Amino acid sequence: MSYSRLGPRLAACLLNISEARNKEIVERVAKAAVYDKQGGRHEQTTVLNIFRDFDYNRSVLTIAAPIEKLGGAVMSACVEACDLIDMEQHSGVHPCLGAVDLVPIYPLCESVGLGECGLTARGVAEGLTQRVPGTSVFLFGFADPPRYRSLVERRKELGWFKQNQDLRQVQTDLGAPPSHRYGLTGVGASPYVMNCNVTIATRDLAVGQRVAGDLRGSSPGGVQGVQVMALPHEGAVEIACNVESVQGGEEDWTSYLIQGERYSYPPAALIASRVSELAGQHGVRTLGTALVGFTPQECRGLAERALQQGVAEYWRQQRPVHM
């Protein structure tokens, strides 16, 4: 295993694929990250968690490995997903553009830099478009020098938030023009981003959109680092949050270091409390909060444990985290 003087140089990918209703397909993609086609083990790689959502028809796979090994594991999973998922057959309420929709690379250890994660992400992007002809990629974050545009910036530019986006109008960074078969894949690197979803007891999407707008970090009184959508979900509305790690942040937020720089993120309990307050202004209560996957610290700890124990399919030991 690759080590610095402080321990293994770990990184993670929260791979987003546009399939959740077929469990076999999702698990085949996960296994491709840790086994080769003959069933041989990809050493020093593990899949920590699989989150599947039927309504969204979207799954998030948490893949962890030393940074030098992560790119190959993620690449294998992406190739398998492209082989198994056809965007022409896809339906779901969550916005998406690609069979492999999002490939974000995050450092888990202080000794792993964002630039290094960006190079790994760029390698995945280039390799995918070479190994799967017809695939298309846009880059973001530290895989997008010299502009380093954020994921939100790129998604807005490309119309990711629009329904029935005409892919023929999209300008890609790598690969072929977007096809109906594979769609468009976002690949990049940034400090760790968590997913925290709060369900509110209404079917009125307009109420959810107002709550999301007030919660969003760019809004006055919003929560810094939080990007939000309101989506219909299981007969209610889900306030779906991307929780970014930001430089500095509030003193009471949980923090960690990337090459000596302090990053922190708002806790899920704060987000849930703020959603409850905002929804209450519309006479709506909250039904529950789910953290999709792990905090950065949890992800690192579980990755170290899984790799020390040699467990490839660590997700089989996991349960969803509810708060």
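- Under the annotation held in an unreviewed UniProt entry, the protein carries the name Formiminotransferase N-terminal subdomain-containing protein isoform X1 and is attributed to Acipenser oxyrinchus oxyrinchus.

**Considerations on the pattern of salt bridges**
Thinking step 1. Taken as a whole and judged by the stated rule, the model has 14 salt bridges.
Thinking step 2. As a salt-bridge pair, arginine 149 and glutamate 157 come within 3.3 Å of each other at their nearest N and O atoms.
Thinking step 3. Arginine 300 is the partner of glutamate 304 in a salt bridge, and the nearest nitrogen-oxygen pair spans 3.1 Å. Taken as a pair, glutamate 304 and arginine 300 lie in helix 7 (residues 296–309) at a separation of 4 residues, close to a single helical turn.
Thinking step 4. Relative accessible area serves as the criterion here: at 27%, arginine 300 is assigned to the partly exposed category.

**Things to note about the packing of aromatic side chains**
Note on aromatic pairs: each is described by the distance of the centres and the angle between the planes.
Thinking step 1. According to the stated counting rule, one finds 4 aromatic pairs in the structure shown.
Thinking step 2. Plain terms: the ring middles of phenylalanine 138 and phenylalanine 140 are 6.5 Å apart, the flat faces sit at 45° to each other, and that makes the pair tilted. Here the two residues phenylalanine 138 and phenylalanine 140 agree in accessibility, since each one is buried.
Thinking step 3. Arranged with centres 5.4 Å apart and planes meeting at 55°, the rings of phenylalanine 142 and tyrosine 148 form a pair that is tilted.

**Thoughts on the nonpolar core**
Thinking step 1. Of all hydrophobic cores here, the largest spans 95 residues; its most connected members are Leu15, Leu215 and Ile239.
Thinking step 2. Broken down by element, this core gets its largest block of residues, 10 residues, from helix 2 (residues 67–84).
Thinking step 3. Ignoring anything within four residues of it in the chain, the contact list for isoleucine 239 reads Cys196, Asn197, Val198, Ile200, Gly208, Val211, Leu215, Val228, Met229, Ala230 and Val275.
Thinking step 4. Formed by 14 residues, the second largest nonpolar core is a distinct cluster that contains Tyr56, Leu97, Trp160 and Leu167.

**Quick notes on the side chain of asparagine 57**
Thinking step 1. Looking at the secondary structure, you find asparagine 57 in the loop between strand 4 (46–53) and strand 5 (58–66).
Thinking step 2. Here asparagine 57 falls in the buried class, since its relative accessible area comes to 5%.
Thinking step 3. Once residues within four sequence positions are removed from consideration, asparagine 57 is found in contact with Ile17, Ser18, Glu19, Ala20, Arg21, His90, Ser91 and Gly92.

**Focus on the environment of alanine 240**
Thinking step 1. Along the chain, the position of alanine 240 falls in strand 12 (residues 236–244).
Thinking step 2. According to the relative accessible area criterion, alanine 240 is buried, its value standing at 9%.
Thinking step 3. As a C-alpha pair, alanine 240 and tyrosine 192 span 48 residues in sequence and 17 Å in three-dimensional space.

**So, the packing of helix 2 against helix 3 (residues 114–131)**
Thinking step 1. Closest axis-to-axis distance for the helix 2/helix 3 pair is 9 Å, and the angle between their directions is 30°. Put simply, helix 2 runs roughly parallel to helix 3. Here the hand of the crossing between helix 2 and helix 3 comes out right-handed. Contacts between helix 2 and helix 3 pair Ile67, Glu68, Gly71, Val74, Met75, Cys78, Val79 and Cys82 from the former with Glu116, Cys117, Thr120, Gly123, Val124, Gly127, Leu128 and Arg131 from the latter.

**Considerations on the state of the cysteines**
Thinking step 1. According to the stated counting rule, one finds 0 disulfides in the structure shown.
Thinking step 2. Unpaired in this structure, cysteine 82 has its nearest cysteine sulfur neighbour in cysteine 78, at a distance of 6.7 Å.
Thinking step 3. Residue classification places cysteine 82 among the buried residues on the basis of a relative accessible area of 2%.
Thinking step 4. Not part of a disulfide, cysteine 96 finds its nearest cysteine sulfur in cysteine 82, a span of 13 Å.
Thinking step 5. Given a relative accessible area of 18%, cysteine 96 falls into the buried group.

**Topic: helix 7**
Thinking step 1. For helix 7, which comprises 14 residues, the first-to-last C-alpha distance of 20 Å matches the rise-based estimate of 20 Å (1.5 Å per residue) to within 8%.
Thinking step 2. Looking at helix 7, one finds that the buried residues are Pro296, Cys299, Leu302, Ala303, Ala306 and Leu307. Seen end-on, helix 7 carries its buried residues on one side only, within an arc spanning 130°. In helix 7, the exposed positions that point more than 90 degrees away from the buried face belong to Gln308 and Gln309.
Thinking step 3. In the core, the buried residues of helix 7 are packed alongside strand 3 (10–17), strand 4, strand 5, strand 10 (193–200), strand 14 (254–258) and strand 15 (261–265).
Thinking step 4. Phi for glycine 310, located one or two positions after helix 7, is positive at around 70°.

Rules of the game
- Residues numbered from 1 in each chain as written.
- Predicted model: local features only at pLDDT ≥ 70, side-chain atom pairs only at ≥ 80, totals over all residues.
- Heavy atoms only, no water.
- Salt bridge = Lys/Arg side-chain N within 4 Å of Asp/Glu carboxyl O.
- Helix = DSSP H or I, 4+ residues; strand = E, 2+ residues; numbered from the N terminus.
- Buried < 20%, exposed > 50% of the residue type's maximum accessible area, 1.4 Å probe, protein only.
- Phe/Tyr/Trp six-rings, centres within 6.5 Å; stacked < 30°, edge-to-face > 60°.
- Core = buried A, V, L, I, M, F, W, Y, C linked by side-chain atoms within 4.5 Å.
- Contact = heavy atoms within 4.5 Å.
- Axes fitted to C-alpha atoms, helices over the stretch in contact; angles between N-to-C directions.
- Parallel < 35°, antiparallel > 145°, perpendicular 65-115°, else oblique.
- Left-handed = near helix turned anticlockwise from the far one by under 90°.
- Disulfide = S-S within 2.5 Å.
- Expected span 1.5 Å × (residues − 1).
- Arc of directions from axis to C-beta.

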